[in-house]
Every structure is written in C-alpha cells, then in structure tokens.
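# Reading the structure
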Amino acid sequence: MVQESTYKNIAVIGCGAAGGFLSVLLCKNPYNKVTAFDIKEPFSTLLPTGGGRCNLSYDEDDLKEFVKNYPRGEKFLMSVFSKMDQRKTRKLFYDLGIKTYVQSDKRVFPDSDSSAKIMSDLKKHLYTDNFKHIKEKVINLSNNVKEFVIQTEKGSYKFDYVVIATGGRGNGFLLARNLGHKIIDPKPSLTALDIEEKDFYKLSGMGFKNVDASFKIGKKKYNCSGDILFTHKSISGPCIFKISSLAAYEEISLNNPLEIEMRMSSLTDEEIENIIKENSRKTVKNVFSSFVPENFIMVELEKNKIDSNKQAAQLKKNEKEILINSITSLKLHVIGRIKDSEIVTAGGVDLDEVNSKTMESKILNGLYFIGEVLNIDGFTGGFNLQNCWSTAYICSMNFN
Ligand SMILES: Cc1cc2nc3c(=O)[nH]c(=O)nc-3n(C[C@H](O)[C@H](O)[C@H](O)COP(=O)(O)OP(=O)(O)OC[C@H]3O[C@@H](n4cnc5c(N)ncnc54)[C@H](O)[C@@H]3O)c2cc1C
C-alpha cells in the first residue's frame, strides 16, 4: 500500500496515442497517481490510423535518415529518438504483448493488422488501481506556487504535474499559450489537394505507383516520390501528402498556384518516341494506352483536341511533344487544400521552449508536452505515431 503523501499526482490532458501510451507507462509505477482527462475513450484516435491497420512506426535504424521524414521537429527528434527509437519502441510494444511486423515498404504494423485490437490491447494495461479516466473536457489550466489547477466544464482538480497531450485538433494550444508558451501557427498538413486542371478529376479512382514529383518554393526545389490517386475532387496519396506537408505554410490559391511536375511512367522521352515509331500504324489511343491508362491519355488528347483515332504516324511534332510531356513531366497547378482532409497539424508548441531530454516546459516546472501538440509533424509512413510513442516514453522517464 502506497502512502498518500508519497504519490506523484500527475494529470494527463488528452488520452489519445501519446497521452494514452504515457498513462500506460506511468501506471507501471505504483508511486504515480495518474488522472487522464478526455471526453473520448482512451486510444480511440488510433482507430482510423493506417486505414484501420495502425501503421505505428517505420523500420529505419539510421536516425539521420529517420528524422528527414519530419518537415518540422527534425533536430528536436534527433535527441528524442537517440533515447527511444523505433526499434526500442517495438520492443516495448512486444513487452506489452503487442507483436509487430515490417511490411515490404518498411512501414510497421501490429501483427493483428487491426487498430481496434491495438487499442483494446493497450487499454488492458491502463485500468490499474493508480489510474483514473475523467471523461471531461479541460477548459482551463492555471498554476500557483503549490500546484496546477485544471478546470473542466464540471469541476476543478489539483495536481503536482501536468502533461498536455491534446494532439493537433484539441485546445491544448490555448492551454499552453495561457501559461506563457509560444504557439507556432497551426496549419493543416498531409491533406489532399485541389488542382486547376479539373479534367483530371474524370480519372476518379485511378492510382499511379511510384510517381516522382518536384516543385519549387521560392528558389528551393523539392523532390518527392510515392503513389498518387485521383479522386472526383482532388489528388491524394502518399506523394501528394508529402507535397502538402512540405508546402504547409505556403499561401496557395487560384491566383497563386503551386506548380508541381510529375513523372507518370518510368519510360524516358526517347523510349516513348521509339514505341511511337515502332507502332506508327496503330491509333494514337492504342499506342499510348499500351504504357499509361487509356483514360489518362484520353484526358490529354481531348484537352489538346488531338484525334485519338488517327494513326500515330500522323501525329504532328508539337502534338507528340505535348503527349510525351504529359507522361514524363506532367504539370499540374495546386490551387488549394481540401478542407478537413488533414491527417495531422503542422505547428504547435514551440520546441525552443521544451526540453527534448525530458519534455518539460522550459517556462514552467512540472508542465510537460508530448505528441502532436508539439510543433512536430511527419510524412505518412508511421512517423507521426512514432513521435507520440517516443515523446511519451521520454516524459515517463521523469516519473520512474
Ligand atoms: C485518418 C488518420 C489516419 C492516420 N494514420 C496514421 C498512421 O497510420 N500512422 C501514423 O503514424 N499516424 C497516423 N495518423 C496521425 C496520428 O493519428 C496522430 O499524429 C496521433 O494520433 C497524434 O497523437 P496525440 O496523442 O498527439 O493526439 P491525439 O491522438 O489526437 O489525441 C488527443 C486526445 O486529446 C483529447 N483532447 C483534446 N483536447 C482536450 C481537452 N481540452 N480536454 C480533454 N481532452 C482533450 C482528444 O479527445 C484526443 O483523444 C493518422 C491520423 C488520421 C486523422
């Protein structure tokens, strides 16, 4: 039996990926008394992750390579991951009874391939005697010399330590700002994008594998690759999410579009020229649809008023150029982000004001931040959840 006076009385605001995981780790120590505030069920934000399979990490041991996947937070995470990397995380999950496997693209999933199962597996470790879940929304957080005071819609509660783990959509930014923290303007990231060339929306449902894309912001050129998907009102997929992440702070509009250039096939200009030459008696449509989807080339043919049924030999020089360019360097103009499509939020609590070795505020002792509420966000591939597991673990080390 632990004496009441020897308890560390800790509040965790938000019981999603980071807050939930931290609570699991904290509860292992009977000298911690953990109270998690969340109107949602613990870990329920995991449910939609990885399309219901929970892509919980990425299998890369080289930390310098790993952190390149975070447009914001790279340096801070170098320090965090040096103590808690993906390998150690998977070992910790194993110890909690959750086995994981690496997919061919290096993404890590639970053996169950189920977000619901990982949620219930993690929850099993939560409901110990020293854990309490208060299903209330925190509306204010203040402190005096002695303690922190948490105000919810229903009551007020006192704690020695407070961890803010409210993610990118909660009101943790406001709570942190009220305690003197600087918040980097939150922006949607990993979003689907709207393009000026609406003709391509006719391709709804069509995907392209391993597309190489490039674009410029100011003078800096960015290259990225991955799959893309056309929908009835957007372009989406890992490659597009990466672009949206790198351009999260760009003003994009019809008047100020972001031009992206994409390679839709691995064939070179010369190789396509040769295919056209070798099949000069076939129709333009038949020749091109032998190496790109027919509907895709039809969009280009219609847009440029080129007869799809004429022989390839009859293509004029400029027509040939247009068609080849549409495959090897398709130019699309992004004019906006699709509202509410974001997977994560860029921006958040300024990392300069948080100690990467402890997750403690440099402004206020006893206050901690973990997960997406920090100004950290990564590409798709398991990087955002890895941030949650690692920052939660580092924070838990203060209460061992
Ligand atoms: C559709 C989708 C799929 C995704 N798939 C993946 C994936 O496969 N891999 C990956 O790495 N990442 C993925 N992500 C991103 C990942 O889920 C998030 O980065 C991660 O959940 C952030 O964890 P967090 O604990 O910081 O915040 P959250 O998990 O969002 O948890 C925050 C919690 O705080 C609570 N809260 C907020 N404000 C308050 C308040 N005032 N009082 C009380 N409680 C509060 C919320 O109810 C919530 O439960 C996905 C995101 C989405 C939307």
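To be clear, the structure that these remarks concern was listed above.
As the structure is a computational prediction, the values presented were derived from the model and not from experiment.

### Side note on the sheet that holds strand β2 (residues 32-37)
- Pairing in this open sheet of five strands is parallel, and the strands run β6-β2-β1-β10-β19 from one edge to the other. With partners counted over all chains shown, the strands left at the sheet margins are β6 (131-134) and β19 (367-369), one partner each. Ignoring which end each strand starts from, the neighbouring axes of this sheet average 20° apart.
- Relative to strand β10 (residues 161-164), strand β1 (residues 8-13) runs parallel, the two being bridged by four bridges. By the bridge assignment, Ala-11 is partnered in β10 with Val-162.
- Where helix α1 (residues 17-27) meets the sheet, its contacts fall on β1, β2, β6 and β10, and the angle it forms with β2 comes to roughly 160°.

### Comments concerning the packing of helix α8 (residues 269-278) against helix α11 (residues 317-328)
- Running from N to C, α8 and α11 cross one another at 130°; their axes reach a closest spacing of 10 Å. Between α8 and α11, the interaxial angle falls into the category oblique. As for the relative orientation of α8 and α11, their crossing is right-handed in sense. Across the interface between the two elements, Asp-269, Ile-272 and Ile-276 of α8 pack against Lys-320, Ile-324, Ile-327 and Thr-328 of α11.
- Here the contact of α8 with α11 is composed, by residue class, of four nonpolar, one polar and two charged.

### Concerning helix α10 (residues 294-303)
- Taken together, the buried positions of α10 are Phe-296, Ile-297, Glu-300 and Leu-301. Take α10 and look down its axis: the buried residues cluster within an arc of 135°, on one side only.
- Of the surrounding elements, those touching the buried residues of α10 are α9 (284-288) and α11.
- Immediately downstream of α10, the backbone of Lys-305 shows phi near 50°, a positive value.

### Concerning the sheet that holds strand β9 (residues 156-159)
- With antiparallel pairing, three strands are arranged side by side in an open sheet as β7-β8-β9. For this open sheet the edge positions go to β7 (138-143) and β9, each flanked by a neighbour on one side alone. Pairs of neighbouring strands in the sheet enclose a mean axial angle of 20°, with direction left out of account.
- Judged from the five bridges that link them, β7 and strand β8 (residues 148-152) form a sheet pairing that is antiparallel. Bridging across to β8, Asn-143 finds its partner in Phe-148.

### A short note on the packing of α1 against helix α12 (residues 383-396)
- Taken N-terminus to C-terminus, the directions of α1 and α12 make an angle of 35°; their axes are 8 Å apart at the nearest point. Seen from above, α1 lies across α12 with right-handed handedness. Only Leu-385, Cys-388, Trp-389, Thr-391, Ala-392, Tyr-393, Cys-395 and Ser-396 of α12 make contact with α1, whose side of the interface consists of Ala-17, Ala-18, Phe-21, Leu-22, Leu-25 and Leu-26.
- A per-class count over the contact of α1 with α12 returns twelve nonpolar, two polar and no charged.

### Regarding the site of the ligand
- Close to the ligand lie 34 residues; Gly-14, Gly-16, Gly-167, Gly-170 and Gly-371 are nearest.
- Going through the elements one at a time, α1 and α12 are the ones with two or more residues in the shell around the ligand.
- Among the elements that take part in the shell around the ligand, α12 stands out by supplying four residues, more than any other.
- A class-by-class count of the residues in the shell around the ligand yields 15 nonpolar, 15 polar and four charged.

### Things to note about the nonpolar core
- Judged by nonpolar contacts, the single largest core of 103 residues is most densely connected at Val-12, Leu-22, Val-162, Val-163, Ile-370 and Ala-392.
- When residues of this core are assigned to domains, at least three fall in each of domain 1 (4-187 + 344-399) and domain 2 (191-341).
- Non-local contacts of Val-163, meaning those with residues more than four positions away in its chain, are made with Ile-10, Val-12, Ile-13, Gly-19, Leu-22, Tyr-368, Ile-370 and Cys-395.

Criteria and thresholds
- Residues numbered from 1 in each chain as written.
- Predicted model: local features only at pLDDT ≥ 70, side-chain atom pairs only at ≥ 80, totals over all residues.
- Pairing = 2+ DSSP bridges.
- Helix = DSSP H or I, 4+ residues; strand = E, 2+ residues; numbered from the N terminus.
- Axes fitted to C-alpha atoms, helices over the stretch in contact; angles between N-to-C directions.
- Contact = placed C-beta atoms within 7 Å.
- Parallel < 35°, antiparallel > 145°, perpendicular 65-115°, else oblique.
- Left-handed = near helix turned anticlockwise from the far one by under 90°.
- Nonpolar A, V, L, I, M, F, W, Y, C, P; charged D, E, K, R; others polar.
- Buried ≥ 20, exposed ≤ 12 C-beta atoms within 10 Å, placed from the backbone.
- Arc of directions from axis to C-beta.
- Near = placed C-beta within 6 Å.
- Core = buried A, V, L, I, M, F, W, Y, C linked by C-beta atoms within 7 Å.
- Domains from an automatic or database assignment.

Any functional reading would require information that these geometric values do not contain.
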